[in-house]
Amino acid sequence: MNRRTFFVLLGVPGAGKGTQAKLLEERLGLPQVSTGDIFRYNLKNETALGILAKSYMDKGELVPDEVTIRMVEDRLTQSDVAKGAILDGFPRNLAQADAFDKIAAPYGGVSLVPLIHISDEEAMTRITGRRVCRSCGAVYHIDFNQPQRAGVCDLDGGELYQRDDDKPETVRNRLYVYYKQTSPLIGYYYAKGLLAELDGTRPIDQVQADLLDLLGAEEAVA
Ligand code: AP5
Ligand code: MG
């Protein structure tokens, strides 16, 4: 089977995974695969998957593994991922990481796992000020990454809204779930020699430059 490039972005909620993945899409020619965005798309279209996912997302809990893994498997059969993908928000616990290793194995496995570091305080400030485009999912911040016109997406003119799970009490539980279920992936990927850590507190364009340095080097050896 053809080799594919799979980058797995890790980091607390608000670390900038979605922001960076969207910028990388263009630079690397690989699509972003965000499980959170796929759940939100299904929610907007009131599918059975969206309604199921909402009951977990509203509490900041993980959607069950069997549902999430099957959804990613389906997504990876689409033609735009023929060269690989930038995974954003998946895998998110050890069971998902193990399943993804099996999915990716025929294509050469996971290529690199950039871990974007920010503090919990920074995460809270970022998430409570975040605004998202209802139609294309582009991410803004009321102070750090403002659209040209307040409330309107620069890319497609869509309406900007605040995610339902971005209330402070839900964010606190998402952080708790991250440390309990997702942070073990740091050791998991470190042991495989795939972890690459970077400072996520720098401005968006500088984090992007750091990421491109890391991923470019990886592409060159792939
Ligand atoms: P998901 O949508 O994945 O949310 P998350 O992991 O909590 O991460 P966020 O999207 O909040 O943060 P981000 O790192 O993408 O930051 P962003 O770029 O937006 O998941 C939501 C829910 O779906 C989960 O709780 C769960 O229920 C479910 N789910 C998803 N995947 C699942 C899975 N695999 N298994 C089970 N359930 C799953 O940036 C944040 C803000 O900061 C923005 O406003 C941005 O403009 C700003 N910003 C970004 N970078 C910078 C910077 N360098 N400086 C200043 N501001 C910045
Ligand atoms: Mg995101």
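Refer to the structure printed above.
Caption draft 1: Spatial organisation of the sheet that holds strand β3 (residues 84-88). Taking strand neighbours across the sheet as the criterion, the three strands line up as β1-β3-β2 in an open arrangement whose pairing is parallel. Only two strands of the sheet have a single partner each, and these edge strands are β1 (5-9) and β2 (32-34). Here the strands of the sheet are splayed against their neighbours by 25 degrees on average, with no regard to which way each runs. Here β1 runs beside β3; their pairing, made up of five bridges, is parallel. Note on β3: the bridge partner recorded for F7 is I86. Set on the sheet, helix α1 (residues 17-29) makes contact with β1, β2 and β3; between it and β3 the angle comes to about 165 degrees.

Caption draft 2: Layout of the pairing of strand β5 (residues 130-133). Here β5 runs beside strand β6 (residues 139-141); their pairing, made up of three bridges, is antiparallel. Paired with R130 across the bridge in β6 is H141. A loop of five residues connects β5 with β6, the two strands running antiparallel in sequence, and G137 in this loop sits at a positive phi of about 80 degrees.

Caption draft 3: The arrangement of the site of ligand 1 in detail. Taken together, the neighbourhood of ligand 1 is formed by 35 residues, with T19, E61, R92, R130 and R174 sitting nearest. G16 places a polar main-chain atom, nitrogen or oxygen, 3.0 Å from an oxygen atom of ligand 1. The separation between an oxygen atom of ligand 1 and a polar main-chain atom of E61 is 2.6 Å. In the complex, 97% of the free accessible area of ligand 1, which totals 1,000 Å², lies under the protein chains. Every element with two or more residues in the shell around ligand 1 is listed here: α1, α2 (35-44) and β6. The biggest single contributor to the shell around ligand 1 is α2, with four residues. Considering only residue class, the shell around ligand 1 consists of 13 nonpolar, 12 polar and 10 charged.

Caption draft 4: View of the side chain of R75. When you line up the elements, R75 lands in helix α4 (residues 65-75). Residue classification places R75 among the buried residues on the basis of a relative accessible area of 14%. Reaching out from R75, the side chain makes a polar contact with the side chain of Q78 at a distance of 3.0 Å. Once residues within four sequence positions are removed from consideration, R75 is found in contact with P31, Q32, V33, I38, D80 and V81.

Caption draft 5: Layout of the packing of aromatic side chains. Under the definition given, this model contains five aromatic pairs. Between Y178 and Y179, the aromatic rings sit 5.2 Å apart at their centres with planes inclined by 85 degrees, giving edge-to-face as the arrangement. Between the aromatic rings of Y188 and Y189, the centroid separation amounts to 5.1 Å while the plane-to-plane angle is 85 degrees, which identifies the pairing as edge-to-face. Stacked on the ring of Y107, the Lys or Arg R4 has its end atom at 4.0 Å from the ring centre. Seen from the ring of Y161, R134 lies directly overhead, with NZ or CZ sitting 4.4 Å from the centre.

Caption draft 6: Examining the sheet that holds β6 more closely. One open sheet holds the three strands; their spatial order is β6-β5-β7, and the pairing between them is antiparallel. A strand with exactly one partner marks an edge of an open sheet, and here the two such strands are β6 and β7 (160-161). In this sheet, β7 lies alongside β5 in antiparallel orientation, the contact comprising two bridges. In the strand pairing of β7, C133 is matched with L160.

Thresholds, definitions, all that
Residues numbered from 1 in each chain as written. Chains lettered and ligands numbered in written order. Predicted model: local features only at pLDDT ≥ 70, side-chain atom pairs only at ≥ 80, totals over all residues. Heavy atoms only, no water. Pairing = 2+ DSSP bridges. Helix = DSSP H or I, 4+ residues; strand = E, 2+ residues; numbered from the N terminus. Axes fitted to C-alpha atoms, helices over the stretch in contact; angles between N-to-C directions. Contact = heavy atoms within 4.5 Å. Near = heavy atom within 4 Å. Polar contact = N/O pair within 3.5 Å; in protein donor to acceptor, adjacent residues only side chain to side chain. Areas by Shrake-Rupley, 256 points an atom, 1.4 Å probe, with all protein chains shown as cover. Nonpolar A, V, L, I, M, F, W, Y, C, P; charged D, E, K, R; others polar. Buried < 20%, exposed > 50% of the residue type's maximum accessible area, 1.4 Å probe, protein only. Phe/Tyr/Trp six-rings, centres within 6.5 Å; stacked < 30°, edge-to-face > 60°. Lys NZ or Arg CZ within 6 Å of the ring centre and 35° of its normal.

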